[in-house]
Amino acid sequence: MPPQRKLSPQSVWDVAAVQQAFQEAGVKPVNTSRLWGYLARHPNASWSDIPDLPKAAVAVLEKGFAMFTTTVTGRKVSSDGNTTKLLVTLQDGMQVEAVIMTYDNTGRYQLPSDDPEDCAPLPSSASCTAASTTAGTAKGNIRSTLCVSSQVGCQMGCTFCSTGTMGLLGNLTCGEILEQLIHARAVTPIRNIVFMGMGEPLNNYEEVRHAVSMMTDARFFGMARHKVTISTVGIIPRIKQLPDDLPGVSLALSLHAPNQTLRSEIVPSARAYKLERLMEAVQVYEQRSGLRVFVEYVMLAGVNDGEQQALELGELLQGHNVLVNLIPWNPVYSTDGPKFSAPAPGSVERFSQVLKEQYGVFCTVRQEMGQDISGACGQLVIEAAAMRAQ
């Protein structure tokens, strides 16, 4: 367990804390909705700007809460202007990242949301990648997806991931997660949200659950539920809870290997959550949610990108309602240099062909975005720390 973080003041977006403080002060619960609804539309307002907010509520907020407990202290924009990476500094000095990916498909029609090609291009990093679906058949336009962090660092230790090298330093609060969205909305309107930044979202379950509930509440941020995707390396009990706790929200599984032996080598947490049990949990999720599961598969040259692995993956996923996202490995910053390499030209296409043609598994190849600004989640924090240490 990471050290317990105590913030003072707390974020006004820390749902449980505000609710408890209002209750203790005798402030009616309806005032929380009035508070958050106004601030979602006017993020730079002061307490006194909020219409009909009781004096007792203002007193509570002035004593123990702040509009923002985080600050954007770094910003990088890719050379093509499509990816913006925000370095967000927390109240206690720790840092996380939020990545905005903007893509323009103006002039072409969108496929229905259950079509495997109806996916948003995201960066080819180990964590910040998944399918973000769109609904309907309206003409394309410019849309932005936000990749948010849920923890500082990560305890899952995936060998190909920048964040995995950090270990787990702390859990983010609901407020710190929501503030990433508010910071991003100051840059551009956000249509999709993916929990694929730093951390394992399902290991910070309650804070993530509260944050997603706020994001998808029409009174506040009003995101469509199917526009929010939560990624996990496979926390089995939580996968089974998701359909009940967050109905309509999409699930992405960071699989990365087609068998238990290989997965245990590159995803250490797989030793605790065996592949057979994990796929059983995925099936439960499919049945109870009625939704397609996105399967993330980072392709590592000579490790998991061969024909044999493609055949095994096809066997594993055949019959499941899934869409596989093949992600060519994105070089990550490391003081020791890279441990892996990207797949050779043509190998990703051959892998995809096996899945589609021999097993009927829907598959996409992820578009690379943000490589010139350390697009993989965790890299900007690690590079900033390295520079400070010099």
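Higher on the page you've got the structure.
Here's what I pulled together on the structure shown here. (Residues numbered from 1 in each chain as written. Predicted model: local features only at pLDDT ≥ 70, side-chain atom pairs only at ≥ 80, totals over all residues. Heavy atoms only, no water.)

**So, the pairing of strand 3 (residues 71–77)**
With six bridges joining them, strand 3 and strand 4 (residues 83–89) adopt antiparallel strand pairing. Among the inter-strand pairings, R75 is bridged to a residue of strand 4, identified as L86. Between strand 3 and strand 4, which follow one another and run antiparallel, lie five residues, and G81 among them has a positive phi close to 80 degrees. (Pairing = 2+ DSSP bridges. Helix = DSSP H or I, 4+ residues; strand = E, 2+ residues; numbered from the N terminus.)

**Structural notes on the side chain of T84**
Mapped onto the elements, T84 comes out in strand 4. Accessibility expressed as a relative area gives 8% for T84, which makes it buried. The contact partners of T84, leaving out residues within four places of it in the chain, are R75, K76, V77, A98, V99 and I100. (Buried < 20%, exposed > 50% of the residue type's maximum accessible area, 1.4 Å probe, protein only. Contact = heavy atoms within 4.5 Å.)

**Topic: the environment of L251**
Of note, L251 is situated in strand 11 (residues 250–254). You can call L251 buried: its relative accessible area is 1%. Placed 25 residues apart in sequence, L251 and H226 show a C-alpha to C-alpha distance of 9.6 Å. Not counting residues up to four positions away in its chain, the partners in contact with L251 are T229, I230, T232, I239, L242, Y285, R292, V293 and F294.

**Concerning the pattern of salt bridges**
Scanning the model with the defined rule gives six salt bridges in all. Close ionic contact of D92 with R5 constitutes a salt bridge, the shortest N to O distance being 2.8 Å. Of this pair, D92 sits in the loop between strand 4 and strand 5 (95–104) while R5 is found in the segment before strand 1 (10–11), placing the two residues 87 residues apart along the sequence. Relative accessible area serves as the criterion here: at 14%, R5 is assigned to the buried category. Its salt-bridge partner being E97, residue K85 comes within 2.9 Å of it at the nearest N-O pair. Here the residue K85 occupies a position in strand 4, and E97 occupies one in strand 5, the gap between them amounting to twelve residues. Among the residues examined, E97 registers a relative accessible area of 0% and is labelled buried. One network of salt bridges, with partners in common, ties together R5, D92 and E176. (Salt bridge = Lys/Arg side-chain N within 4 Å of Asp/Glu carboxyl O.)

**Let's talk about the nonpolar core**
W13, L35, W47, F160 and F195 are the most contacted members of the largest nonpolar core, which has 103 residues in total. V99, M196, A252 and F294 belong to the second-largest nonpolar core, a separate cluster that totals eight residues. (Core = buried A, V, L, I, M, F, W, Y, C linked by side-chain atoms within 4.5 Å.)

**Topic: the environment of T73**
Structurally, the position occupied by T73 is in strand 3. The class for T73 is partly exposed, based on a relative accessible area of 47%. Look past the residues within four positions of T73 in its chain and what remains in contact with it is L87, T89 and Q95. Within polar-contact distance, the side chain of T73 engages the side chain of T89 at 2.6 Å. (Polar contact = N/O pair within 3.5 Å; in protein donor to acceptor, adjacent residues only side chain to side chain.)

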